[in-house]
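Residue-level structure breakdown
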Amino acid sequence: MYALISFFRRAPRRTRDKQKFFRKTVSTMSAGLIGKKVGMTSVFDDQGNSVACTVVEAGPNVVTQVKSEDGPDGYNAVQLAFDDQKEKNVSKAMKGHFAQADADPKHVVMEFREFGGHLEQGDRVHVDDLFEEGETVDVVGVSKGKGFQGVVKRHGFSGVGMTTHGQSDRQRHPGSIGASADPSRVFKGVRMAGQTGGRRTKIQNLTVVRVLSDHNALLVKGSVPGPTDGYVELHKKTTVDAE
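Residues numbered from 1 in each chain as written. Predicted model: local features only at pLDDT ≥ 70, side-chain atom pairs only at ≥ 80, totals over all residues. Heavy atoms only, no water.

Examining the environment of lysine 237
Just so we agree on the cut-off: Only DSSP runs of H or I with at least four residues qualify as helices, and only runs of E with at least two residues qualify as strands; both kinds are numbered from the N terminus onward. Side-chain atoms alone can form a polar contact between residues adjacent in sequence; in general such a contact is a pair of N or O atoms within 3.5 Å, and within protein one must be able to donate a hydrogen while the other accepts it.
Here lysine 237 is to be found in strand 12 (residues 231-241). Through-space distance from the C-alpha of lysine 237 to that of threonine 136 is 6.4 Å; in sequence the pair is 101 residues apart. Here aspartate 138 takes part through its side chain, which lies 3.4 Å from a polar atom of the side chain of lysine 237. Reaching out from lysine 237, the side chain makes a polar contact with the side chain of asparagine 205 at a distance of 3.3 Å.

Quick look at the environment of serine 213
Spelled out, the test is: Buried residues are those whose accessible area, probed at 1.4 Å on protein chains only, stays under 20% of the maximum for their type, while exposed residues exceed 50% and partly exposed ones sit between those limits. Note on contacts: a residue pair is in contact if any heavy atoms of the two residues lie within 4.5 Å.
Within the secondary structure, serine 213 sits in the loop between strand 10 (200-212) and strand 11 (217-221). Residue classification places serine 213 among the partly exposed positions, given a relative accessible area of 34%. Each C-alpha atom of the pair serine 213 and glycine 59 lies 9.3 Å from the other, and the pair is 154 residues apart in sequence. Ignoring sequence-local partners within four residues, the contact set of serine 213 consists of Val127 and Asp128.

So, the packing of aromatic side chains
Here the distance between the centres and the angle between the planes together describe a pair of aromatic rings. Using the following cut-off: Here the aromatic set is Phe, Tyr and Trp, taking the six-membered ring for Trp, and pairing holds for ring centres within 6.5 Å; pairs whose planes are under 30 degrees apart are stacked, those over 60 apart are edge-to-face, and all others are tilted.
All told, the structure shown has two aromatic pairs when counted by the stated rule. For the pair phenylalanine 82 and tyrosine 231, a centre-to-centre distance of 6.4 Å together with 85 degrees between the ring planes defines the contact as edge-to-face. Linking phenylalanine 82 in strand 4 (residues 77-84) with tyrosine 231 in strand 12, this pair joins segments that are 149 residues apart in sequence. The class for phenylalanine 82 is buried, based on a relative accessible area of 3%. Look at tyrosine 231 and you get partly exposed, because its relative accessible area is 28%. Arranged with centres 6.3 Å apart and planes meeting at 80 degrees, the rings of phenylalanine 112 and phenylalanine 115 form a pair that is edge-to-face.

Remarks on unusual backbone geometry
Along the chain, aspartate 182 connects to proline 183 via a cis peptide bond; the corresponding omega equals 15 degrees. Its location among the elements puts proline 183 in the loop between helix 5 (151-155) and strand 9 (194-196). Of note, the phi angle at aspartate 102 is positive, near 55 degrees, even though the residue is not glycine. Note that aspartate 102 resides in the loop between helix 3 (92-100) and strand 5 (106-113). Assessed through its relative accessible area of 65%, aspartate 102 is described here as exposed. The phi dihedral of aspartate 229 is positive, around 70 degrees, even though this residue is not glycine.

Description of the side chain of lysine 37
Keep this limit in mind: His is not counted, nor are the chain ends, whereas Lys and Arg count as positive and Asp and Glu as negative. What makes a salt bridge here is a side-chain nitrogen of Lys or Arg within 4 Å of a carboxyl oxygen of Asp or Glu, nothing more.
Relative to the assigned elements, lysine 37 resides in strand 1 (residues 25-44). One buried charge, lysine 37, has no salt-bridge partner; the nearest side chain with opposite charge is aspartate 229, at 9.9 Å. A distance of 3.1 Å separates a polar atom in the side chain of lysine 37 from the backbone oxygen of valine 224. Once residues within four sequence positions are removed from consideration, lysine 37 is found in contact with Thr54, Val55, Val224, Pro225, Gly226, Pro227, Thr228, Asp229, Gly230 and Val232.

As structure tokens, then:
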């Protein structure tokens, strides 16, 4: 019996056919902006339906550095900065860095690879320069921290129901986590309680419902990661032919 169990435990995992599951296009994260979640609102679409949206303040972003493949950096990228902060909270090195771009000190500095277009240090990028109503974007942010959570909240367990795994008074506990004599250990990757949230998260294919140029803001339909006043990255969706 033990030999049979060991045989199946060592059996190689079946692999998917790469050609079958390979998509014709691949998504690349290129141009984008730094934004900040402001709150929630709702607007009416052309059919009269109420659409819940997240308000993201996303500009203007200042170009603080332009990197090129031919330069000392060895790759193409545009460094953007967003959201003013007090000068006393910025190091002397960063003060000089912002001064070169003729910009006030900023809270957030991020790079966007293969930005496209011709930008120079000191340029300002606004929401209407990149985004249009109806297009889809990828949003990256740090998810809300939940602290140490159990398996029901962290992994969606339904509880043991007072009848399984010998539990009678601990309905939200994970139950059995492994065998005893063989393998005499707990396998790696078993879903257990632990720190939840507070991780870098990307949500793909969210819809831009409105572009508010006067307020430098976007109305985005979908789940935008992070808390209110949290910073996010808004990436344009581009597709290239797969080789």
